[in-house]
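# Remarks on the overall topology
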Amino acid sequence: MLGRTFARFKKKKTDETVLATSPELKGPGEPAGRLAKMLSASGRVSLASLRKMAQDNEVAVFEKLIQRPVLVGSAIKTGIISTQSGMASDELNSTQIFEPTKSMGASLSASESLKHAVYPLVKGEYPATPRGSFYIGRINGNDMIMPDYAISKRHAIIDIEDGKYYLRDAGSTNGTKINGSRLAKKRVILKDKDVLGFARYEFTFLYPKSLYKMLREVKS
């Protein structure tokens with residue numbers, strides 16, 4: 001009996017030591033090392049990898065591994081993308097205007113590809129953007145890259161201050177929304193499960209605990 005008790009105590013101490021010393025668990029001031037290495041060139045992380053992490057760990061461990069909130073693809077607005085009038089041929093790679101459908105229920109269910117679009121608010125190993133801010137845009141050099149001409153080259157920015165997350169538009173052509181309302185110049189603080197809109201795309205802002213619950217519930 002005493003031997004088994006000591007073994008359990010030793011295992012607990014070992015687990016605590018691993019959590020305390022692992023480079024990916026340094027806290028909110030440091031990017032999650034393991035997660036940074038899992039990011040694709042566009043800043044996405046494999047949904048299958050996240051699901052395995054959720055299945056293999058209790059929620060408290062999962063939260064320590066992920067550390068930061070994520071943006072999960074949720075819907076695509078229906079509408080028309082049109083070239084701005086008077087645009088010269090050498091400007092065709094500029095952002096194009098998105099005109100949403102004005103009928104009720106203009107949001108489609110997320111496509112299979114969008115369902116798998118998970119962007120942690122973690123920078124890659126060699127970020128080109130300032131510390132403390134997460135940049136969203138169409139071109140390389142952003143932390144979250146969405147190669148769509150409805151998305152501006154630099155569309156929106158999420159600032160991270162004292163453990164809180166603030167969303168601001170970066171002067172985008174098609175605007176940034178939160179829960180259906182277009183942002184003005186003033187930034188807004190983000191809450192768990194807020195819906196963020198970038199042009200025609202919508203993402204749900206999830207803290208690690210809510211992400212864990214989603215991953216455990218999703219069957220496919």
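Let me begin by describing the structure that accompanies this report. Remember, predicted model here, so these are calculated numbers, not experimental data.

The secondary structure content of the protein amounts to 6 helices and 14 strands. Considering the protein as a whole, with its 220 residues, one finds that 40% of them fall into the buried category. By sequence separation, contacts in the protein at least 24 residues apart represent 56% of the contacts at least 6 residues apart.

Attention now goes to the nonpolar core. Ranked by size, the top nonpolar core spans 25 residues in total, and within it L71, M144, M146, I158, L167, F198 and F203 carry the most contacts. Elements with a minimum of two residues in this core: β1 (70–77), β6 (133–137), β8 (156–161), β9 (164–169), β13 (195–198) and β14 (201–206). Looking at this core, the element that brings in the most residues is β14, giving 3 residues. Every residue in contact with L71, bar those within four places of it in the chain, is listed here: A117, V118, Y119, L121, I136, M144, I158, L196, F198, F203, T204 and F205. L35, A54, V122 and Y212 belong to the second largest nonpolar core, which has 19 residues in total.

An order of β7-β6-β8-β9-β12 is seen for the 5 strands of this open sheet, with the pairing classed as mixed. The strands lining the two open edges of the sheet, one partner per strand, are β7 (144–145) and β12 (188–189). Here β6 pairs with β7 via 2 bridges, running parallel. Residue pairing across strands places G137 opposite I145, the latter belonging to β7.

This next bit is on helix α3 (residues 47–56). Among all positions of α3, only L47, L50, R51, M53 and A54 are buried. For α3, the arc enclosing every buried residue in end-on projection is 160 degrees, short of the 170-degree limit, so these residues lie on one face. Opposite the buried face of α3, at more than 90 degrees from it, the exposed residues are A48, K52 and Q55. At the N-terminal boundary of α3, the capping side chain belongs to S46, with an oxygen 3.3 Å from the backbone nitrogen of A48.

The tally for this structure, following the rule as stated, stands at 8 salt bridges. R200 is the salt-bridge partner of D148, the closest N and O atoms lying 2.6 Å from each other. Of this pair, D148 sits in the loop between β7 and β8 while R200 sits in the loop between β13 and β14, and the two are 52 residues apart along the sequence. For R200, a relative accessible area of 23% puts it in the partly exposed group. When the shortest N-O distance is used, the salt bridge between D194 and K191 registers 3.8 Å. One continuous salt-bridge network, built from bridges that share partners, spans D159, E161, R168 and R187.

Turning our eyes to something else, we now look at unusual backbone geometry. Glycine aside, residues mostly have negative phi, and peptide bonds are mostly found in the trans state. Located in the positive-phi region is D162, a residue other than glycine, with phi close to 50 degrees. Here D162 lies in the loop between β8 and β9. Residue classification places D162 among the exposed positions, given a relative accessible area of 80%. Its identity as a non-glycine residue notwithstanding, A199 has a phi of 55 degrees, on the positive side. Its place among the elements puts A199 in the loop between β13 and β14.

Counted by the stated rule, this structure contains 6 aromatic pairs. Taking the centre distance of 6.0 Å and the plane angle of 45 degrees together, the rings of F198 and F203 count as tilted. Just as F198 is buried, F203 falls in that class too. Between F205 and Y207 the ring centres are 5.3 Å apart and the planes differ by 85 degrees, which places this aromatic pair in the edge-to-face class. Among the aromatic residues, those joined into a ring-pair cluster are Y119, F198 and F203.

Mapped onto the elements, L167 comes out in strand β9. For L167, the contacting residues outside a window of four places in its chain are A156, I157, I158, T176, K177, I178, L183, R187, V188, L190, L196 and F198.

This paragraph deals with the packing of α3 against helix α6 (residues 208–217). One way to put it is that α3 packs onto α6 with a least axis distance of 9 Å and a crossing angle of 95 degrees. When the interaxial angle is binned, α3 and α6 end up roughly perpendicular. Here L47, L50, R51, A54 and Q55 of α3 come into contact with α6, specifically with L211, Y212, M214, L215 and R216.

The rules we used
Residues numbered from 1 in each chain as written. Predicted model: local features only at pLDDT ≥ 70, side-chain atom pairs only at ≥ 80, totals over all residues. Heavy atoms only, no water. Helix = DSSP H or I, 4+ residues; strand = E, 2+ residues; numbered from the N terminus. Buried < 20%, exposed > 50% of the residue type's maximum accessible area, 1.4 Å probe, protein only. Contact = heavy atoms within 4.5 Å. Core = buried A, V, L, I, M, F, W, Y, C linked by side-chain atoms within 4.5 Å. Pairing = 2+ DSSP bridges. Arc of directions from axis to C-beta. Polar contact = N/O pair within 3.5 Å; in protein donor to acceptor, adjacent residues only side chain to side chain. Salt bridge = Lys/Arg side-chain N within 4 Å of Asp/Glu carboxyl O. Phe/Tyr/Trp six-rings, centres within 6.5 Å; stacked < 30°, edge-to-face > 60°. Axes fitted to C-alpha atoms, helices over the stretch in contact; angles between N-to-C directions. Parallel < 35°, antiparallel > 145°, perpendicular 65-115°, else oblique.

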